[in-house]
Every structure is written in C-alpha cells, then in structure tokens.
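Here is how the chains run, residue by residue.
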Amino acid sequence: MNACDESVAAATERTRAARPSPPPAAEAPQQPLTESSSLEGSSLDYWLLSRLRSLMGNPPVEFAVRSGARVGPGVATPVARVTFAGRATLASILADPWLRFGDAYSDGRVAIEGDLVSLLETIYHASGMGGGTRASLLRRAAGALRRQHLNSLAASRDNIHHHYDIGNDFYALWLGSTMAYTCAYYPTPAATLDEAQFAKMDHVCRKLRLNAGESVVEAGCGWGTLALHMARHYGVRVRAFNISHQQIVYARERAAREGLAARVEYVEDDYRNIAGSYDAFVSVGMLEHVGPANYTALGHIAYRCLGGRGRGLIHSIGRNHPATLQPWIEKRIFPGAYPPSLGEMMRIFEPWNLSILDVENLRLHYAQTLRQWLGLYEAASGRVREMFDEKFVRMWRLYLAGSVAAFTTGTLQLFQVLFAPGENNDIAWTRAHLYTR
C-alpha cells in the first residue's frame, strides 16, 4: 500500500489512458476469443446485447460480440467498447451479470477497449450501483439466492486464508514499503502512497490521543505496520491479533528486525479471543470480515477491554445504506466480506453504552489509495503472471479497478468511528489534537 515514483506514475497513466482498437496487450485475453462466428450479425445476438445493455442502465458504452453484432449509445462517443467472445458468453453473463461478467473477463472471454476504471464508473452510475435507489429485479433476485457467509471461527479463518495467505511476496509488489492494506490518508493530493499511509497511521494515533506508557489492543493487524508505528512514535505497548499465519510471521520478523519485539506482541488468534484490559482499542480494516451477526460480540470485547475508560477506533469500508458486497468480489476475492452502513455499525456500540465521539468519511482517500495500488500492480503485472497466471492477473486488475470505481461513485464509503465508554469523561474538548502535536 512503494511511493509512486516517475515509473509508477507512468504505469498508472498508461492504465487510465483510453486505448484504440484492437485491445492493448494489458487487456488482451491470454487466448483469442474463441466462440463460433457462424451466426454473424444475427438478430438474437443483437437482442442479447441490447438486453444486457438495458439491464446495465443503457450506459454510453458499446457492447459487441466478436462475430460482428453490436449495440451502442447512438451518436454519442462511447466511453469504451466491451466485446464478448460469442453468444454462449453473452447469454451466461445475462443470467447474472454482477457475478459472471467478472468470471468471463478473468477467463479472457471479454475484451475491453478503453479505460477499465472509467468503464466501471460509467456502468456503476448507469445501473444505480453508485448510490441511487434504482436496482434491477434480476440483480436483487440473484443476490437473494446467493448463500450468505456466516463468519464463524472456522469460516473466518478460511476466508482470511483465501485472501491474505496467497503470498507476502505478491502483496509486496504493489502495497508499497509500509505493507499497509487499508485506506491511506492524503494530507495533500500530491502525497505519495507511503507518505499517505504514514499519515493515516498518525491520524489514527492522534484520534486515539495515545500517550507513552499506555497499552493498546489491535483487532486485526494485517502485516503489523500500525502496531509498529504506535510503539515507535507514541511509546505505547501493543497486543495485535490476526488469524492470517503468513501476516503474523511477517509482522513478528519485522518487529524483531526493527528492535520493537519487546513492545509489540503479535498474537495469531481470532479477535473473539481477546482478553485483558487496555487504554485503547483499535481495529483498522477488520470489520469488513466480521459480519453483522457478530457486531454485538465485537462491541462487548471493546467494552470489556476498555473497562469504563480509554478510547476506541474502528476503521472500515462501509455503505450509505445496507447492501451486500459486489457479488463477484465477494465470491472470488473477499469471501465472507460485508461493508456495513453506519446504522448497522451502531450494533457494535449501542448495546454497551459506547459513545460515538467522531465519525469521518475518507471515501476519496480510498479511491486515491486504490489508484496508486493499481498503478503499482500494473507495473508489476509481468511478475504477477509469473507467480500465478494470466487469469489471476486479470482477476486482480478487475478487483482493483472496480474498487476505485466503487469509491469514486459513492457505492462504497470509508468510515473512521472514534468512541469511548459512555461514563468516560476523559475525552477531547476540541479537535485540535488532530492537527497539532
């Protein structure tokens, strides 16, 4: 999450630049689109294309099949062209576009001419995914039929393993030197990725008003960067919990290498097993994996840890109203993930009389973070292909580009919620501590 130097900036610009036909190498499938072209120009293909475009809200995008049939926005210049391998691919996507489009793109059965992020932003806006109330009956019905993941202890471990334990070397290619895999905080739009991640960690610590000698518990610590930052720059002692084995091993090695092992303890265990008393409770980027059914239990853990004093902060992807995660991302990338609304997050706080002190929305900061990750990812795509395969490269390109679009269109939000036990009067009088130290 490395700073964007000139070479990465150039890679990012190439990613976002509109591209003429034929599709560029970065977007080309590993194998040519292969379905039969014997039904060239058929009225059925045209109907299928028109139907799919209608379901997407008739965006200013041209849809085509390789055999020749195409539909578009008329005289308007299309944002992009989406070409499907053939009728079978098109019919499959039409049955469940929010899931199967991602699969077809990953498999190379969909080619895109134009900027992928701009295409997805356009479709999100047109389809109502960008925060409006409009949603197709097909999408709602398909979502209702999907199995909802229950984040039990065993299921949570499996879900985390699926996403985070695919290799530290992979994430190191595009997260930057901090290895922070959560929204950064940009003091200025020109800040580099590493600068913004450092600023995010400092922003969190200032909100918590950490003081030397205090104790902090962190629920879900990723590769351990925030815990190290708190110990090094604020003089606190940290116990950090995580169920990703590879992340814990990395974090412990880094703490030892940086001489902070005596001040930071990394615990390979579930947040539900946190015990002890602390001055501060913090969780950055874990709530998305908790699930609404477990919010009250998480709140009880925070309440018990703080013991009527101290402060807490939860940083999470969220929504303006309750909705499930985009189906393809939930199934292929982030199983079990759920971004809550602020109303749903209140299930954490209300049962335990935890007072909300501050709420900040960093939505555009996450969009910028993702743009920089995507630029680094594209620059390293050749190495990613060597580590995995072309399908994996395309899957993660679509995931990162789609996430940029989700935040720029308001489909997703990024909430930081500061809280304290209701009886605690040792709270900030103003917000001056956020900006001076």
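Above this text you will find the structure in question.
In this report, we go over the structure that sits alongside the text. Everything quoted here is computed from the prediction, not taken from an experiment.

**Description of the packing of helix 12 (residues 295-306) against helix 14 (residues 342-349)**
Stage number 1. Close contact between helix 12 and helix 14 brings their axes to 6 Å; oriented N to C, the two are set at 45 degrees. On the basis of the axis angle, helix 12 is oblique to helix 14. Contact with helix 12, carried on its side by Tyr 295, Thr 296, Leu 298 and Gly 299, involves Glu 344, Arg 347 and Ile 348 of helix 14 and no other residues of that element.
Stage number 2. For the contact of helix 12 with helix 14, the residue count by class is three nonpolar, two polar and two charged.

**A look at the packing of helix 15 (residues 363-379) against helix 17 (residues 390-408)**
Stage number 1. Between helix 15 and helix 17, the shortest axis-to-axis distance is 8 Å and the interhelical angle comes to 160 degrees. The angle between helix 15 and helix 17 places the two elements in the roughly antiparallel class. Here the hand of the crossing between helix 15 and helix 17 comes out left-handed. The segment helix 15 lies against helix 17, with Arg 363, Tyr 366, Ala 367, Leu 370, Arg 371, Trp 373, Leu 374, Tyr 377 and Glu 378 engaging Phe 392, Val 393, Trp 396, Arg 397, Leu 400, Ala 401, Ser 403, Val 404, Phe 407 and Thr 408.
Stage number 2. Per-class residue counts for the contact of helix 15 with helix 17 are 13 nonpolar, two polar and four charged.

**Here's the deal with the packing of aromatic side chains**
Stage number 1. For the structure on display, the rule yields 26 aromatic pairs.
Stage number 2. With centroids separated by 6.0 Å and ring planes inclined at 80 degrees, the aromatic side chains of Tyr 171 and Trp 396 adopt a geometry described as edge-to-face. Of this pair, Tyr 171 sits in helix 8 (residues 168-172) while Trp 396 sits in helix 17, and the two are 225 residues apart along the sequence.
Stage number 3. For the pair Trp 174 and Trp 373, a centre-to-centre distance of 5.8 Å together with 75 degrees between the ring planes defines the contact as edge-to-face. Taken together, the positions of Trp 174 in the loop between helix 8 and helix 9 (193-208) and Trp 373 in helix 15 put the pair 199 residues apart, joining distant regions of the chain. Of the two residues, Trp 174 and Trp 373, both sit in the buried class.
Stage number 4. Stacked on the ring of Tyr 105, the Lys or Arg Arg 394 has its end atom at 4.1 Å from the ring centre.

**Overview of the sheet that holds strand 11 (residues 413-421)**
Stage number 1. The mixed open sheet is built from seven strands, whose spatial order is 7-6-5-8-9-11-10. Pairing within the sheet leaves two strands with one partner each, and these edge strands are strand 7 (264-268) and strand 10 (354-361). Strand-to-strand twist in this sheet, taken as the mean axis angle between neighbours without regard to direction, amounts to 20 degrees.
Stage number 2. Its contacts with the sheet put helix 14 on strand 9 (311-318), strand 10 and strand 11, and the angle it makes with strand 11 is roughly 25 degrees.

**Considering the environment of Ala 231**
Stage number 1. Within the element layout of this structure, Ala 231 appears in helix 10 (residues 225-234).
Stage number 2. Residue class for Ala 231 comes out buried when judged on its relative accessible area of 5%.
Stage number 3. Sequence separation between Ala 231 and Ala 261 is 30 residues; the distance between their C-alpha atoms is 9.8 Å.
Stage number 4. For Ala 231, the residues in contact, after removing those within four places along its chain, are Val 236, Val 238, Leu 260, Arg 263 and Val 264.

**Description of the side chain of Glu 360**
Stage number 1. When you line up the elements, Glu 360 lands in strand 10.
Stage number 2. In this view, Glu 360 contacts Tyr 185, His 203, Lys 207, Leu 414, Phe 415 and Gln 416; residues no more than four positions away in its chain are not counted.

**Quick notes on the nonpolar core**
Stage number 1. Ranked by size, the top nonpolar core spans 75 residues in total, and within it Phe 84, Trp 174, Tyr 181 and Trp 396 carry the most contacts.
Stage number 2. In terms of residue count, helix 17 provides more of this core than any other element does, 12 residues in total.
Stage number 3. With 27 residues, the next largest nonpolar core counts Met 201, Val 216, Met 230 and Leu 313 among its residues.

**Thoughts on helix 12**
Stage number 1. Between its terminal C-alpha atoms helix 12 stretches 17 Å, which fits the 16 Å expected from 12 residues at 1.5 Å a residue.
Stage number 2. What helix 12 keeps buried is the set Tyr 295, Leu 298, Gly 299, Ile 301, Ala 302, Cys 305 and Leu 306. All buried residues of helix 12 lie within an arc of 155 degrees about the axis, which places them on one face of the element.
Stage number 3. The inward-facing, buried residues of helix 12 abut strand 5 (215-219), strand 8 (280-284), strand 9, helix 14, strand 10 and strand 11.
Stage number 4. Just downstream of helix 12 lies Gly 307, where phi reads positive at about 55 degrees.

**Overview of a nonpolar patch on the surface**
Stage number 1. A cluster of nonpolar residues, Leu 342, Ile 356 and Val 359, forms a patch on the protein surface that exposes about 200 Å² of accessible area.
Stage number 2. Looking at the element boundaries, Ile 356 is found in strand 10.

Rules used in this analysis
Residues numbered from 1 in each chain as written. Predicted model: local features only at pLDDT ≥ 70, side-chain atom pairs only at ≥ 80, totals over all residues. Heavy atoms only, no water. Axes fitted to C-alpha atoms, helices over the stretch in contact; angles between N-to-C directions. Helix = DSSP H or I, 4+ residues; strand = E, 2+ residues; numbered from the N terminus. Parallel < 35°, antiparallel > 145°, perpendicular 65-115°, else oblique. Contact = heavy atoms within 4.5 Å. Nonpolar A, V, L, I, M, F, W, Y, C, P; charged D, E, K, R; others polar. Left-handed = near helix turned anticlockwise from the far one by under 90°. Phe/Tyr/Trp six-rings, centres within 6.5 Å; stacked < 30°, edge-to-face > 60°. Buried < 20%, exposed > 50% of the residue type's maximum accessible area, 1.4 Å probe, protein only. Lys NZ or Arg CZ within 6 Å of the ring centre and 35° of its normal. Pairing = 2+ DSSP bridges. Core = buried A, V, L, I, M, F, W, Y, C linked by side-chain atoms within 4.5 Å. Expected span 1.5 Å × (residues − 1). Arc of directions from axis to C-beta. Patch = residues over 30% accessible without salt bridge, like charges linked within 9 Å, V, L, I, M, F, W, Y side chains within 5 Å. Areas by Shrake-Rupley, 256 points an atom, 1.4 Å probe, with all protein chains shown as cover. Salt bridge = Lys/Arg side-chain N within 4 Å of Asp/Glu carboxyl O.

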